[in-house]
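# Breakdown of the fold
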Amino acid sequence: MSVLQAGQGLDKWLSSSVRAAFRLCLYVLFTLAILPLQIFAVLSNTKLKTYIPVFYHKLCIRIFGITVRVHGKHAEETPILYVSNHVSYSDISILGSLLEASFVSKAEVSRWPLFGQLAKLNRTVFIQRRRSFAADQRDHLSRRLANGDNLILFPEGTSADGVHVLPFKSTLFSVASQNGHSKNLFIQPVSISYTCLDGIPISRVLLPYIAWYGKMKLVSHLFTFLGLGRVTVDVQFHTPISSSQFKDRKEIAEYCQRVVSAGANRSNFGRS
């Protein structure tokens, strides 16, 4: 039995269905209003295609009741590959509100109702998990970076429970060991930690109401999450590195995993 199943009675007082419905309606209306603008920006290939998603995600986190505390600074070098741990679907709006960058996501997301279309309009790079696609995907990522696009990667390959950071898949770092725009690629590790709910530190019992992982149902989890109070998230930008500092992608993956995990642990234990 999962922690969430064991504490199902908590959701009656932790999450308000009225608040969830209100936030969901606001989110849908706001999304429908801004979609035509982003479609126009992408089709016309203007700089708005980068600025609109940031504005959109900033409004989304306000609708969701999320407060973001930023530690450190995101790198000024461009293009850059941001690598972050992955806790929940809300990570997208949190990082999207801070960075002018596109996400790297699993191909399945492109087929999700609404979220798939939003991801495409944010110029998300969709990747297949099969090895036979590895070279093509590496080349596609290299081209995006060579064109000056910043990318955000979740190298765990899935979302985790918010307590542990899973091992980073080194295959996803192949673009760092061979990229088309230069010999060096700048990489910045980022840690995301969900630390407080209505000002109270979040315990392991409460984390499953925020973290989305395993076999949790998306719709029911999302509705419960939207009904929560104000959630505080700590985002730590660590010192950027250059791919030339490492001999191969495995070293890069291991280094980034250690840095991101240490940062998440500091935040989770109140030492951010």
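Each value, and the rule that gives it
- Residues numbered from 1 in each chain as written.
- Predicted model: local features only at pLDDT ≥ 70, side-chain atom pairs only at ≥ 80, totals over all residues.
- Heavy atoms only, no water.
- Helix = DSSP H or I, 4+ residues; strand = E, 2+ residues; numbered from the N terminus.
- Rg over C-alpha atoms; globule rule 2.2 N^0.38 Å.
- Contact = heavy atoms within 4.5 Å.
- Lys, Arg positive; Asp, Glu negative; His and termini not counted.
- Charge placed at Lys NZ, Arg CZ, Asp CG, Glu CD.
- Polar contact = N/O pair within 3.5 Å; in protein donor to acceptor, adjacent residues only side chain to side chain.
- Salt bridge = Lys/Arg side-chain N within 4 Å of Asp/Glu carboxyl O.
- Buried < 20%, exposed > 50% of the residue type's maximum accessible area, 1.4 Å probe, protein only.
- Axes fitted to C-alpha atoms, helices over the stretch in contact; angles between N-to-C directions.
- Parallel < 35°, antiparallel > 145°, perpendicular 65-115°, else oblique.
- Core = buried A, V, L, I, M, F, W, Y, C linked by side-chain atoms within 4.5 Å.
- Pairing = 2+ DSSP bridges.

### As for the overall build of the protein chain
Looking only at helices and strands, the protein chain has 10 helices and nine strands in total. For 272 residues, the compact-globule formula gives about 19 Å, and the C-alpha radius of gyration of the protein chain, at 18 Å, lands near that figure. For the protein chain, the C-alpha atoms occupy an extent of roughly 55 × 40 × 35 Å along the three principal directions. Contacts spanning at least 24 positions in sequence make up 77% of the contacts within the protein chain whose residues lie at least 6 apart. Taken together, the 31 basic and 16 acidic charged side chains of the protein chain have centroids lying 4 Å from each other.

### Some words on the side chain of Asn85
For Asn85, the location among the structural elements is in the loop between strand E2 (80-84) and helix H5 (90-96). A polar contact is formed between the side chain of Asn85 and the backbone nitrogen of Ile192, at a distance of 2.7 Å. When neighbours within four sequence positions are excluded, Asn85 is seen to be in contact with Asp91, Phe154, Glu156, Val165, Val190, Ser191, Ile192, Val260 and Ala264.

### Observations regarding the pattern of salt bridges
Throughout the structure, instances matching the rule amount to three salt bridges. Of the charged contacts, one joins Asp149 and Arg144 as a salt bridge, the two residues approaching to 2.7 Å between their closest N and O atoms. Overall, the relative accessible area of 13% leaves Asp149 in the buried class. With relative accessibility at 11%, the residue Arg144 sits in the buried group. In this structure, a network of salt bridges that share partners links the residues Arg123, Arg144 and Asp149.

### Notes on the packing of helix H3 (residues 17-44) against helix H4 (residues 48-64)
Where H3 meets H4, the closest approach of the two axes is 10 Å, and the angle between their N-to-C directions is 175°. On the basis of the axis angle, H3 is roughly antiparallel to H4. Contacts from Arg23, Leu26, Tyr27, Phe30, Thr31, Ile34, Leu37, Gln38, Ala41 and Val42 in H3 reach Leu48, Lys49, Ile52, Pro53, Phe55, Tyr56, Leu59, Cys60, Ile63 and Phe64 in H4.

### Comments concerning unusual backbone geometry
Looking along the chain, the bond that leaves Thr78 and enters Pro79 is cis, with omega of -5°. By the secondary structure assignment, Pro79 is in the loop between strand E1 (66-71) and E2. Backbone geometry places Arg123, a non-glycine residue, at a positive phi of 60°. A positive phi angle, close to 55°, is found at Asp198, a residue other than glycine. Mapped onto the fold, Asp198 is located in the loop between strand E6 (186-197) and strand E7 (200-201).

### Quick look at the nonpolar core
Note on soluble globular proteins: their nonpolar side chains tend to be buried together. Formed by 49 residues in total, the largest nonpolar core has its most connected members in Phe64, Leu95, Tyr194, Phe225 and Val233. Elements represented by at least two residues in this core include exactly H3, H4, E2, H5, helix H6 (115-121), E6, helix H9 (218-226) and strand E8 (231-237). Among the nonpolar cores identified, the runner-up in size contains 24 residues, and Leu81, Ile127, Val175 and Val260 belong to it.

### As for the pairing of E2
In terms of burial, E2 is a largely internal element, five of the five residues being buried. Because side chains alternate across E2, one face comprises the buried residues Ile80, Tyr82 and Ser84, and the other comprises Leu81 and Val83, equally buried. As judged from the five bridges shared by E2 and E6, these two strands associate in the parallel manner. Counted as the bridge partner of Tyr82 is Gln188 from E6. Sheet analysis places E2 next to strand E5 (residues 151-153), joined by three bridges and oriented parallel. In the strand pairing of E5, Val83 is matched with Leu153.

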